[in-house]
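# Examination of the molecular architecture
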Amino acid sequence: MEIRITGQRLWTFRSPLLVLPAFQGTRRPEGDLKSLDDVSEGWISRVLASGDFRGKWGETLVQHTFGALPSKRVMFLGLGEIDKWSLDRWRGALARAAQAARRLGVRRFGVSLKASPPPSASLEELAGAAVEGMELGLYRFEGIRSEDPEKDPDPHEVTLLPGTQKGRTRIDLAVREARLVSETVRWVRDLVSEPANRMTPTLLAERAEEMARQWGIKHRVLDEDDIASLGMGGLLGVASGSKEPPRLIVLEHEADDPRAPKVALVGKGITFDSGGISLKPAQKMDQMKTDMAGGAAVLGVIQAAARLRLPVNLVGVVPATENLPSGKAYKPGDVLTTLSGRTIEVTNTDAEGRVILADALSYALRFEPDLLIDLATLTGACIVALGDRIAGMMGNASEVLEALRRAGESTGEMVWPLPLPEDYEEYIKSEVADMKNSGGRDAGTIQGGLFLQKFVGGKPWVHLDVAGPVWTEKDRPYAPKGATGFGVRLLVAFLKGFRGIGKGSV
Ligand code: BES
Ligand code: MN
Ligand code: ZN
């Protein structure tokens, strides 16, 4: 969708549809809405007084202007109660407007950013969140069909109206950034939605390489032989049950200033998780094509960082493999030797994520990062604890945990801390190896965190268990049913403010 900005006044704007956001209980037009009302000789007032528009969050009311205004139609867009206002609710409301415009068959529309000025938020924030809401709200996975189904065509042009020429130049950068980030999130959603037979480790690595070439990102893919000769017994062990060979995807974004801090991002890339010999139940097993969503998010963050030229050095490491049972599969009781030299007793082949991440974290340490962040759909227990909207967050770098929490608030990609108590390491003590990969149901998410911590070499590190929020079973305003692309906007927002550990800026 093309996004334009005009400094034009609202009442001179001519378009098939003009979107006017308004709070719940708006009875009399004020501000820009008042000027619009005057020009239309009270048309706005009459619509508002009709009572048809209540202003509930995400509500839309479309009315023909029949010449009362230059635009053919007006869409009143509910922002909900003014006291509940947040940037994320604004983002969601704009998604609803874009979806309603699509249902109407409108290909071109304008959005006023100033019709109802919110209590807090800069014009830049409003513009950026509006673009994200619309671009992400209009997303749909095209699917794989022999014939295209009947569907409403997407709008191809939206014009933002900040109200003045000065506003126009002010929001220009924010709009470009939001567009680019939304494009990346849509790309990540596509990767995650793709069925596992079309998103094998090899194909995932190819998509990563193709993307890296497109944006001039340094990249390298290690194949099975490389992985074996390095001694990544964890990744090899999990991959052993499948005919599809594993891959280790490595991407690097270099800041213009080489002294910029370096962050390593590690993402779980299980392209299908059957559980292996510790087989999962059949019900919803198809869902396990999403077990590479952490890895896909890492690829997205690197992509966005390169395109935004973020002033931070990034390394992205994505270990990719299937987890399947077979005559060659790794088995409960097996002991694997990882790249770090440490050994893992496999007590459950379905706790495979931590096993491949162990090797990937060790590999990432070779780049001497100042900070490690991993994203992984690691435990069902995390969904039990926090549901499908909030990621579990564990780690040893308190200032980073706090900065991520704040990034979560501004982006709507929420994270919540869980502790890593030392005595809980009891759960993953092994009789035969340095540790075991699963210690029963209790504190399942924390066990995962404690396990990973053993492979970060004491470096500042944060683990995000994203099992819940990477997928939604219900339509949400700007995340239609399916893959959400969770993590990209969160980490981009965090990295924008990251100046290094102990620099007080995060
Ligand atoms: N990929 C799953 C976790 C998961 C479950 C993600 C449901 C999204 C939805 C992970 O590999 C897994 O199977 N974890 C086990 C760990 C257990 C065996 C210790 C789990 O959660 O049951
Ligand atoms: Mn599993
Ligand atoms: Zn898994």
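Within every chain, residues take consecutive numbers counted from 1 along the sequence as written. Lettering of chains starts at A and numbering of ligands starts at 1, both following the order in which they are written. Confidence filtering applies because this is a predicted model: local features only for residues at pLDDT of at least 70, side-chain atom pairs given and counted only at 80 or more, and all residues used for totals across whole chains, interfaces and linings. Excluding hydrogens and water, the side-chain figures rest on all heavy atoms present in the structure.

### Some points on helix H10 (residues 353-365)
Numbered from the N terminus, helices here are DSSP runs of H or I no shorter than four residues, and strands are runs of E no shorter than two. For a helix, the expected span equals 1.5 Å multiplied by the residue count minus one. When the terminal C-alpha atoms of H10 are compared, their 18 Å separation across 13 residues agrees well with the 18 Å that a helix rising 1.5 Å per residue should span. For each residue, the accessible area found with a 1.4 Å probe, counting protein chains only, is set against the maximum for its type, and the residue is called buried under 20%, exposed over 50%, and partly exposed in between. Counting buried positions along H10 gives 12 out of 13 residues, so the element sits mostly inside the fold.

### Comments concerning the domain arrangement of the chain
Its domain assignment divides the chain into domain 1 (2-138) and domain 2 (181-497). Contacts are assigned to residue pairs that have any heavy atoms within 4.5 Å of one another. Listed by partner, the interface residues are 15 residues for domain 1 and 13 residues for domain 2. By convention, the term buried area covers the 1.4 Å-probe accessible surface removed from two parts as they join, with the contributions of both added. Of the roughly 1,100 Å² buried between domain 1 and domain 2, counting both surfaces, carbon and sulfur atoms make up 55%. Ranking the residues of domain 1 by area buried against domain 2 places Asp88, Arg91 and Leu136 at the top, with a combined share of 48%. In what follows, salt bridge is the name for a side-chain nitrogen of Lys or Arg lying within 4 Å of a carboxyl oxygen of Asp or Glu. The interface formed by domain 1 and domain 2 contains 2 salt bridges. Between Glu135 and Arg186 there is a salt bridge, and its shortest N-O distance comes to 3.9 Å. Counting of polar contacts relies on pairs of N or O atoms within 3.5 Å, with two restrictions inside protein: one atom must be capable of donating a hydrogen and the other of accepting it, and residues adjacent in sequence are counted only when both atoms are side-chain atoms. Counting every contact that joins domain 1 to domain 2 gives 7 residue pairs in polar contact (both at pLDDT 80 or more). What marks off one domain from the next here is an automatic or database domain assignment.

### Things to note about the sheet that holds strand S13 (residues 343-345)
One open sheet accounts for 3 strands, arranged S12-S13-S17; its pairing is mixed. Every other strand in the sheet has two partners, leaving strand S12 (335-337) and strand S17 (435-436) as the edge strands with one partner each. When DSSP locates at least two bridges between a pair of strands, those strands are taken to pair. Note that S13 and S17 share 2 bridges and pair parallel. What sits directly across from Ile344, in S17, is Met435.

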